[in-house]
Amino acid sequence: MLSLLGSLSGLQEIGVLDCVTYICGVSGSTWAMSSLCENPEWTKDLESLTKDICSKIVRQDASWEKIIDIIFEEERLRKRLVEAARKNDFSLTDIWAAAVSYLIGKENTHFLSSHQKSVKRGMNPYPVYAAIDKEAFDINQKFHPEIWFEFTPHECGFPYYEAFIETCDFGSKFEDQTVTKSHPELDVCHLQDKNLKNINNVIKKEFVSLVDAGLAINCAYPLMLHPKRKVDVIISLDYSDGDIFETLTLAKEFAKENHLHFPSVNKEDKQPEDCSVYSDTSTPTVIHMPLFNKVNKNGK
């Protein structure tokens, strides 16, 4: 979360952020994205928003024991869990949502569809939040395009099947593209790891369980490589630990398996530069900026 905020600030400082069409993330980056997009002019107010978010996070005791104590001590969080427990789909996600509310210093009860205001005038990059189908995901077969799911302020669904619904209808039951049982829109904190009921009949499933897309590839390349997006340049802000080339390698293999264009990747060095550019004829240009690199060794 903090890493993405720092990267966005750096991109703005050098005048690149204004040129960005999409911002796509997995894992902690999605929490940063959703916090920023609450503000319709977040790129204009990025510096103050970043300082505010960082100050609330770094000062907190984030131990699980402390979080549990706070949840039951603070009335607003306790009330949230009591209300959630009355629902049929109550799960650990509800507790996680309350915990995140505490960590970032506010209760995230806003809806993703409300973020349409932040993209209405084209001032900010369009946010795309990545997830994968838990049941269809196989750790040994990461390159199946049908597992990838996306949330945006306007719609959510599976790009592979071209099966989408309006974001405000997420969680409702569908039959033949018609809502048969409406479900109140979930707030941002509850969107991860929730069941989607009958998203069109295309995927032939009654329920779809969604989990963090970082389990497949820790950068959401598959959603940006879709031909309909017509992406020319991908700035890969990679915060992965361990094998620094892993996300690039997986993205390259995903592209190859699915007949998509992706440039060749030079892995001669064990540690990459802080900024590397990969480009071939008829492929997107990939600008890879890993957090751990030759310049910033071991994150120091």
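Because the structure is a prediction, the values reported are computed rather than measured.

Colleague: Outline the overall build of the protein, supporting the account with residue identities and numerical values.
Modeller: Looking only at helices and strands, the protein features nine helices and 12 strands. For the protein, with 300 residues in total, the buried portion stands at 47%. Partitioning the contacts of the protein with sequence separation of at least 6, the portion at a separation of at least 24 is 62%. Total accessible area on the protein is roughly 15700 Å²; 50% of this is exposed by carbon and sulfur atoms.

Colleague: Can you tell me about helix H9 (residues 246-257), naming the residues and giving the values?
Modeller: When the terminal C-alpha atoms of H9 are compared, their 16 Å separation across 12 residues agrees well with the 16 Å that a helix rising 1.5 Å per residue should span. One or two positions beyond H9, positive phi appears at His259, with a value near 55 degrees.

Colleague: Please set out the nonpolar core residue by residue, giving values where relevant.
Modeller: Membership of the largest hydrophobic core comes to 31 residues, with the highest contact counts inside it found for Ile132, Trp148, Tyr221 and Phe262. Put simply, the parts of the chain that give this core at least two residues each are strand S2 (126-133), helix H8 (221-224) and H9. Looking at which element gives the most residues to this core, the answer is H9, with five residues. Here Tyr221 is in contact with Ile234, Ser236, Thr247, Leu248, Ala251, Phe262, Val286 and His288, once residues within four sequence places are set aside. Formed by 28 residues, the second largest nonpolar core is a distinct cluster that contains Cys37, Ile53, Phe149 and Leu186.

Colleague: I'd like a rundown of unusual backbone geometry, residues and numbers included.
Modeller: Its identity as a non-glycine residue notwithstanding, His259 has a phi of 55 degrees, on the positive side. Phi at Ser282 is positive, roughly 65 degrees, even though this residue is not glycine. Of note, Ser282 is situated in the loop between strand S11 (276-278) and strand S12 (285-290).

Colleague: Go over the sheet that holds S12, please, and point to the residues and values.
Modeller: What the three strands build is an open sheet, ordered S10-S12-S11; its pairing is mixed. Sheet topology places strand S10 (233-238) and S11 at the edges, where each strand pairs with a single neighbour. Sheet twist, expressed as the mean angle between neighbouring strand axes with direction ignored, is 20 degrees. Pairing geometry for S11 and S12, over three bridges, is antiparallel. Note that in S12 the partner of Val277 across the bridge is Ile287.

Analysis parameters
Residues numbered from 1 in each chain as written. Predicted model: local features only at pLDDT ≥ 70, side-chain atom pairs only at ≥ 80, totals over all residues. Heavy atoms only, no water. Helix = DSSP H or I, 4+ residues; strand = E, 2+ residues; numbered from the N terminus. Buried < 20%, exposed > 50% of the residue type's maximum accessible area, 1.4 Å probe, protein only. Contact = heavy atoms within 4.5 Å. Areas by Shrake-Rupley, 256 points an atom, 1.4 Å probe, with all protein chains shown as cover. Expected span 1.5 Å × (residues − 1). Core = buried A, V, L, I, M, F, W, Y, C linked by side-chain atoms within 4.5 Å. Pairing = 2+ DSSP bridges. Axes fitted to C-alpha atoms, helices over the stretch in contact; angles between N-to-C directions.

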